[in-house]
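# Analysis of the macromolecular model
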Amino acid sequence: MSDRIIMAFESSADETSVAIVKNGNDILSLETATQIKSHQRFGGIVPEVASRHHIEQVTILADAALTDAGLTYSDLTAIAVTFGPGLVGALLIGVTAAKTIAWAHNLPLVPVVHMAGHISAAQFVAPIVYPAMALMVSGGHTEFVLMPNEYEYIVVGDTRDDAAGESYDKVGRTMGLQYPAGKLIDEMAHRGAVTYQLPRALMNDGLLDFSFSGLKSAVINLKHNADQRGEALDLDNLAASFQDAVLDMLLTKTATALKRYPVKSFIVAGGVAANHGLREGLQALLASHPEITYIPVPLKLAGDNAAMIGAAGDIAYRHGALAGWDLNAKPGEEFAYLEPDMEFHTPM
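Read on for an overview of the structure. (Residues numbered from 1 in each chain as written. Predicted model: local features only at pLDDT ≥ 70, side-chain atom pairs only at ≥ 80, totals over all residues. Heavy atoms only, no water.)

## A look at the packing of helix α6 (residues 182-191) against helix α8 (residues 235-260)
Following both chains from N to C, one finds α6 and α8 inclined at 105°, their axes separated by 7 Å at the closest point. The angle between the axes of α6 and α8 places the two elements in the roughly perpendicular class. Residue-level contacts link Ile185, Asp186, Met188, Ala189, His190 and Arg191 of α6 to Leu235, Asp236, Ala239, Ala240, Phe242 and Gln243 of α8. Among the residues making up the contact of α6 with α8, the classes are represented as seven nonpolar, two polar and three charged. (Axes fitted to C-alpha atoms, helices over the stretch in contact; angles between N-to-C directions. Helix = DSSP H or I, 4+ residues; strand = E, 2+ residues; numbered from the N terminus. Parallel < 35°, antiparallel > 145°, perpendicular 65-115°, else oblique. Contact = heavy atoms within 4.5 Å. Nonpolar A, V, L, I, M, F, W, Y, C, P; charged D, E, K, R; others polar.)

Below you can see the structure in the form of C-alpha cells.
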C-alpha cells in the first residue's frame, strides 16, 4: 500500500499553520506563524486582525511546507483543513486556500473538526487503541470525548460556562499578566503555595460536566477587594491556589469518567494540555489504571497547529469523509453529544 501524504491547513484562531503528514503519524514538515504579539496589546484575539494575518501568511507557509518536505503537489494524496469551530473569518482563509489547492491539483478535500485535530495529535506519540477517551482542554473547550471506535467522537461531559483555558486568561488579566496567561500562571503556581480558599463547582454531582465561571469570579473578586483595601496579595500563591482548584476539578472528573467508561487509551489534548501541573496530575491518576494507555499530546503540538489536522485528516480520509467544493466554514461546529437518556456501553 502506498503512503498517504496529506497537506493540512489550520487557521481557526490566531495561528496560521500548514503541515505535511505521512500516514497520520509522521510529520514531514510543519510551518506555523504565530500572532500572539499582534493580539497581546488587546488582551485577547481580535478576529479581524487574525484574518488579515492569515491572508498574509497562508500561501507563504504552503510553499514552505512543500519545500521543507522536498515534495511537490503531485506527491500529495489529499488536502485537509479545519472548517470549524473557530473564528468565521479566520476559518474562511484556511478553507479557501485548501479548496483552491485541492481544485487546482485535482486532490480530494478532507474536512476536519478542530477538536478532532487536537485529539489526533496523540498519534505522534503512540497509536490510539479503541475504545478511547480524551480530555479536551483549551481556551474554548473543556470536555470529555468518548471514542468507541476510530472516527467516532461523542461528548460525554462539557463545560457549562467558561472553558479552563478561558478562565486562565481572564484570571491572568486580573493579575496583570500578558495574554496568553496559561503558561505564566502555571510557572507562578509552581513557585507559590495554596493559601487562598477558592470554590470548586459541580464536584459532587456525579456528572462529568465542568463549571469554571464561579472560580474565575472568586479570584477576580479576591484581587479587586484586596486592591480596594490597599492590600497586596502574593500573586504566586494566588496562582497556585487558582491552579489547584482547576486541577482538582479536572482530575476528580477524570477519575469519575474512567470508572464510568472502561477505555483502553486516555488522551489529554488542547492548549491547556501543556500545563505541567495537569500532566503530572494525570500521570499520577493513570498510574492506578495500568490497563489504560495514557497518551499526553507532545508539548510542542498542544497548541493549534496543522500537523494535528493532518493526523485527523488521515483518519477522516481513510473513512471516506470527503468534502465537495461547497465546503464552508462552520464556526459553531461541534461533536455529537451523548443524550442524557441514552444508554451507552463501550465495547471491550
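## Overview of the pattern of salt bridges
A complete count under the given rule lists 14 salt bridges for this structure. Measuring nitrogen to oxygen at the nearest pair gives 3.8 Å for the salt bridge that ties Asp26 to Lys22. A relative accessible area of 24% places Lys22 in the partly exposed class. Across the salt bridge formed by Lys253 and Asp205, the nearest N and O atoms sit 2.8 Å from each other. Here the residue Lys253 occupies a position in helix α8, and Asp205 occupies one in the loop between α6 and α7 (213-229), the gap between them amounting to 48 residues. On the basis of relative accessible area, Lys253 is assigned to the buried category, the value being 2%. The class for Asp205 is partly exposed, based on a relative accessible area of 31%. Taken together, the shared-partner salt bridges in this structure form one network comprising Arg4, Glu150, Asp314 and Arg318. (Salt bridge = Lys/Arg side-chain N within 4 Å of Asp/Glu carboxyl O. Buried < 20%, exposed > 50% of the residue type's maximum accessible area, 1.4 Å probe, protein only.)

## Re the environment of Ala134
With respect to the element layout, Ala134 can be found in strand β6 (residues 132-137). Among the residues examined, Ala134 registers a relative accessible area of 0% and is labelled buried. Measuring from C-alpha to C-alpha, the distance between Ala134 and Tyr196 comes to 31 Å, with 62 residues separating the pair along the chain.

## So, the side chain of His118
Structurally, His118 can be placed in helix α4 (residues 114-120). You can call His118 buried: its relative accessible area is 2%. Polar side-chain contacts of His118 include one of 3.1 Å to the side chain of Asp304. (Polar contact = N/O pair within 3.5 Å; in protein donor to acceptor, adjacent residues only side chain to side chain.)

## Examining the environment of Tyr130
With respect to the element layout, Tyr130 can be found in the loop between α4 and β6. It is 42 Å that separates the C-alpha atoms of Tyr130 and Leu235, two residues lying 105 residues apart in sequence.

## Some remarks on the nonpolar core
One finds Met7, Phe9, Ile79 and Ile267 to be the most contacted residues of the largest nonpolar core, which totals 111 residues. Excluding anything up to four places from it in sequence, Ile267 contacts Ile119, Ala122, Ile128, Met133, Ala134, Leu135, Met147, Ile295 and Val297. (Core = buried A, V, L, I, M, F, W, Y, C linked by side-chain atoms within 4.5 Å.)

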